[in-house]
Amino acid sequence: MRRKRLLVAVSALAAGLLFAGSPPAPAADSPRTAVAADTYTWKNARIDGGGFVPGIVFNRTEKDLAYARTDIGGAYRWQEATRTWTPLLDSVGWDEWGHTGVVSLASDSVDPDRVYAAVGTYTNSWDPTNGAVLRSSDRGASWRKADLPFKLGGNMPGRGMGERLAVDPNRNSVLYLGAPSGKGLWRSTDSGATWSQVANFPNVGNYAQDPSDTSGYASDNQGIVWVTFDESTGTAGSATKTIYVGVADKANAVYRSTDAGATWQRLAGQPTGYLAHKGVLDTKNGHLYLAYSDSGGPYDGGKGRLYRYATASGTWTDISPVAEADTYFGFSGLTVDRQDPGTVMATAYSSWWPDTQIFRSTDSGATWTKAWDYTSYPTRENRYTMDVSSSPWLTWGANPSPPEQTPKLGWMTESLEIDPFDSDRMMYGTGATVYGTENLTNWDSGAKFTITPMVRGLEETAVNDIASPPSGAPLLSALGDIGGFRHTDLTKVPAMMYTQPNFTSTTSLDYAESNPNTVVRVGNLDSGPHIAFSTDNGANWFGGTDPSGVSGGGTVAAAADGSRFVWSPQGAGVHHTTGFGTSWSASTGIPAGAVVESDRVDPKVFYGFKSGKFYVSTDGGATFTASAATGLPSGDSVRFKALPGAKGDVWLAGGASDGAYGLWHSTNSGASFTKLPNVEQADTIGFGKAAPGASYQTLFTSAKIGGVRGIFRSTDKGATWTRVNDDAHQWGWTGAAITGDPRVYGRVYVATNGRGVIYGDTSDSGTGPGPGPDPEPAGACSVTYKVTNQWTGGFQADVRLGNTGPSAWNGWSLAWSFANGQKVTQMWNAQHTQSGAAVTAKNLGWNGTVAAGSSVSFGFTGEWSGTNTKPVAFRMGDKTCAVQ
């Protein structure tokens, strides 16, 4: 089941979202270090889903154009040709990680190329920045940003209500946004570029999930929750006159304007005692449908109603499919079939047990049928069949007793949409996936319709830890909400998450370096053990025994040979055991809550860190001694690892902007540490296969180096660094974990908070130009030009520029000409000028140095018409580059 996901508090967060074309600016006093760049290909280790999808939006005028929003993992666009989702907000950078939370989406029905996203994850202090409205004229391939003077809550209570953001279907330069926290209703009249509060809107809302919550999370006023236009009350080019707005106020939930927002009135006769989660208008029949719940969701909700409002007469009709006394849930998911507007559907979003429910009416709510019902309790009869073979873990490996079934129809089902062009296609979001059907109308004929996951490409897990053992599966993950997976093939969805026990969230995992079949994981569970072991590289598991007082997973370390373990759980101090945790003994000399790791060579050596102190045990974790090392970060935002194959070789990353912050190295088991002078900030450290010809393993870190935040690689023990990601691939906050692959040079696995496990592979062989009289290249440069995405009137391209000459570049400028009148609209990782067909791309301050044998990459979006022929010639100064 899905729980509330809270991002780990991160120090040193500052303002400044890094979008395409906006290079990061260093702090005024930060020393600049020349940083090389490499071309990486980025993909997800496939899980398919794994998080809450509170919103699905279909464009009303273009077939097959649909978007999905997630609470912490960004936004996605549906690709009909491949039946996959494309991520749209990977460009969100570290400093504004909160903009990966999407509280609302709007697709412009007048100009389908335009899409808008209202972003921000928390309205309380957890999110350091205000919200924003992002606007795109190329379907989310690139974005421009309008900052707001308040925060938005993509992961706050009430996030399944909506949509809070809406485009006027007649005058598409006009948008409305419902704000939380008592900030009211906002309007833009210039296509989202600027926003102002609608001063005369009479109600800012008053409902909070728990007014007594001192953190500000559950006590926030959920505010204005949806905006719906009546397109029949306007004409093209003129503002729509009638607008309906939903407010989080149980006594005054729905307001209307009939003069394009000049004045507003509470709808007379409306039901009270409930919140209106959704308001969906059927203009053909003049019906405004409303889904009500007694709370804001997405977890809670004990009572609910469905109402139909006749827009012409003002008549309210209770069309609820069940009596109020028989509800134990609220209603939220709500949709109208635009091909047959008398058909309406709704969900019982908060029916956790035995399953969610979906209701369908073909007579405007006069009568209803259910997706499932009892024949005789506890036996169920389903109108549907489910095929989860593409995501088999959705069964959770469960074998429940009736009336529960596995896989479940869902939970937290607040987004439900019938394709406006196809009555047979429906999609709905759950707490774990997007489900869909393409034979929905079988429901009405009595035949069964088929539900399958329609989620491929949408990856929304929060990653707490990752490991890549030297043998066995290449990737083991520790995930929030769904536990974690053993990936034997990164391109395929694993059959099942970790089970026996199945943690709600896995917080830490480790393997024995010299015996990788031995694996340990720890995590959170409502009841049962908080630790589990595997003797077959994570394929099968068995639970251990908790020491007294354990309340959560904490961190865990396996001895190099798997003979013993050290565990620092929540609720109890650090403990150690031999064997598989049937009996634990308290460790001495180390404080509770310390982060623990093992030496990767000596099975009796373990390490710990807490509040600026490094601790070492040489007796298998029985006793620890504080190191004399000084100058380490004073806080607890620290991650460290010991290098495989080298006893006592430890790397430590972490800190905060108001104190020590960076990367430290020890070669004497932590007795002393040396801070790397060329790393300004670092939050993770990991190791991968050494570069060809190198004797030391490759280092990877999520860090700030040379004034740039990114993912970096070093093949020379940290003496020099190469940024391996780019501004289009940042994924918000990446501070939980990182690791290289001990079997594949250059491969790096990055833990994200909401975009799953990202892995990257390099185009750099790591060999450099090599010795001897190699054949003379065609020029001092080579170019690879690739169109990575194309749509009507627009495209995206990536360019890799290689230095094939004998010496390094200290600045570069690449020129080419378009043959078909193409125009560059936005460029990242380079600055550009264009005169007619001629384009010149020049380096930025941080990527001008390109070593011999290395390469640098940049990308851009552009406009095209008719044909989009690739350039055939590229020049650097007077040299012609070889085109690859």
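Residues numbered from 1 in each chain as written. Predicted model: local features only at pLDDT ≥ 70, side-chain atom pairs only at ≥ 80, totals over all residues. Heavy atoms only, no water.

Chemist: Explanation requested: the overall build of the protein chain in the structure shown.
Modeler: A tally of helices and strands in the protein chain yields 1 helix and 72 strands. A compact globule built from 884 residues should have a C-alpha radius of gyration of about 29 Å, and the protein chain, at 28 Å, falls within 12% of that. Taking the principal axes of the C-alpha coordinates as reference, the protein chain spans close to 85 × 75 × 50 Å. Here the protein chain, with 884 residues, has 61% of them falling under the buried criterion. Carbon and sulfur atoms make up 49% of the accessible area of the protein chain, which totals about 29800 Å². For the protein chain, the distance from the average site of its 69 positive side-chain charges to the average site of its 78 negative ones is 2 Å. (Helix = DSSP H or I, 4+ residues; strand = E, 2+ residues; numbered from the N terminus. Rg over C-alpha atoms; globule rule 2.2 N^0.38 Å. Buried < 20%, exposed > 50% of the residue type's maximum accessible area, 1.4 Å probe, protein only. Areas by Shrake-Rupley, 256 points an atom, 1.4 Å probe, with all protein chains shown as cover. Lys, Arg positive; Asp, Glu negative; His and termini not counted. Charge placed at Lys NZ, Arg CZ, Asp CG, Glu CD.)

Chemist: Would you mind going over the nonpolar core with me for this structure?
Modeler: Nonpolar side chains tend to gather and get buried jointly when the protein is soluble and globular. Membership of the largest hydrophobic core comes to 49 residues, with the highest contact counts inside it found for Met345, Trp393, Trp396, Leu409, Tyr428, Ile466 and Ile482. For this core, the secondary-structure elements that each account for two or more residues are β30 (415-418), β31 (426-429), β33 (449-453), β34 (463-467), β35 (475-479), β59 (744-751) and β60 (757-762). If we ignore the near neighbours within four places in the chain, the residues touching Met345 are Gly333, Leu334, Thr335, Ile358, Phe359, Arg360, Trp368, Leu416, Ile418, Met426, Leu440 and Trp443. The next biggest cluster of nonpolar side chains, apart from the first, holds 26 residues, and it includes Val783, Val799, Phe818 and Trp864. (Core = buried A, V, L, I, M, F, W, Y, C linked by side-chain atoms within 4.5 Å. Contact = heavy atoms within 4.5 Å.)

Chemist: Hey, could you run me through the state of the cysteines in this one?
Modeler: What we call a disulfide is simply a covalent bond connecting the sulfur atoms of a pair of cysteines. Enumeration over the complete set of coordinates arrives at 1 disulfide. Between Cys781 and Cys881 runs a disulfide, and the two sulfur atoms are separated by 1.9 Å. Here the disulfide of Cys781 and Cys881 is left-handed, its torsion about the S-S bond being about -90 degrees. A residue pair is termed long-range when its members are at least 10 positions apart, and Cys781 in strand β61 (residues 781-791) and Cys881 in the loop between β71 (879-880) and β72 (882-883) qualify at 100 residues. A single burial state applies to Cys781 and to Cys881, both of which are buried. (Disulfide = S-S within 2.5 Å.)

Chemist: Honestly, the environment of Thr327 in this entry has me stumped. Any pointers?
Modeler: In this structure, Thr327 sits in the loop between β22 (316-318) and β23 (331-336). Thr327 sits in the buried class, given a relative accessible area of 3%. Distance from Thr327 to Gly304, taken between C-alpha atoms, is 6.7 Å for residues 23 residues apart in sequence. Ignoring anything within four residues of it in the chain, the contact list for Thr327 reads Gly302, Lys303, Gly304, Arg305 and Val322. Among the polar contacts listed, one links the side chain of Thr327 to the backbone oxygen of Glu324, at a separation of 2.8 Å. (Polar contact = N/O pair within 3.5 Å; in protein donor to acceptor, adjacent residues only side chain to side chain.)

Chemist: Explain the sheet that holds strand β45 (residues 595-598) to me, please; I cannot follow it from the model alone.
Modeler: Adjacent strands of a sheet form backbone hydrogen bonds with each other and so pair up, either parallel or antiparallel. Here we have 4 strands laid out as an open sheet, ordered β45-β46-β47-β48, and antiparallel in their pairing. Two strands lie at the open edges of the sheet, namely β45 and β48 (625-626), each paired on one side alone. Bridge count for β45 against strand β46 (residues 606-610) is 4 bridges, and the pairing is antiparallel. Bridging across to β46, Val596 finds its partner in Gly608. (Pairing = 2+ DSSP bridges.)

Chemist: Can you walk me through the sheet that holds β33 in this structure?
Modeler: One open sheet accounts for 5 strands, arranged β29-β33-β32-β31-β30; its pairing is mixed. Strands at the two margins of the open sheet, each flanked by one partner only, are β29 (384-386) and β30. Taking the axes of each pair of neighbouring strands and ignoring which way they run, one obtains an average angle of 20 degrees across the sheet. (Axes fitted to C-alpha atoms, helices over the stretch in contact; angles between N-to-C directions.)

Chemist: Got a minute to help me understand the packing of aromatic side chains in this structure?
Modeler: Centre distance and the angle of the planes are the two values used to describe a pair of aromatic rings. Within the structure shown, the criterion is met by 51 aromatic pairs. Measuring from ring centre to ring centre gives 5.8 Å for Phe795 and Phe860, while their planes differ by 85 degrees; the resulting arrangement is edge-to-face. On the criterion of sequence distance, the pair formed by Phe795 in strand β62 (residues 794-803) and Phe860 in strand β69 (residues 855-863) is long-range, its members being 65 residues apart. Members of the aromatic cluster, connected to one another through ring pairs, are Tyr785, Phe795, Trp812, Trp816, Phe818, Phe858, Phe860 and Phe874. Above the face of the Tyr511 ring, Arg600 is positioned so that its terminal group lies 5.0 Å from the ring centre. The ring of Tyr696 carries the charged tip of Lys717 above its face, separated from the ring centre by 5.0 Å. (Phe/Tyr/Trp six-rings, centres within 6.5 Å; stacked < 30°, edge-to-face > 60°. Lys NZ or Arg CZ within 6 Å of the ring centre and 35° of its normal.)

Chemist: In this structure, what is going on with the pairing of strand β15 (residues 224-229)? I would like to understand it.
Modeler: Regular strands place their side chains on alternate faces of the sheet. Within β15, 6 of the 6 residues are buried, which leaves it mostly tucked inside the rest of the structure. Two strands pair when backbone bridges link them, and β15 and strand β16 (residues 243-247) are joined in this way by 5 bridges, in the antiparallel orientation. Note on β16: the bridge partner recorded for Phe229 is Ile243.

Chemist: Got a minute to help me understand the side chain of Ser293 in this structure?
Modeler: Of note, Ser293 is situated in strand β20 (residues 287-293). We classify Ser293 as buried; its relative accessible area is 0%. A polar contact is formed between the side chain of Ser293 and the backbone oxygen of Ser295, at a distance of 3.2 Å. Setting aside residues up to four positions removed in sequence, Ser293 forms contacts with Tyr274, Leu275, His277, Gly301, Lys303, Gly304, Gly330, Phe331 and Tyr349.

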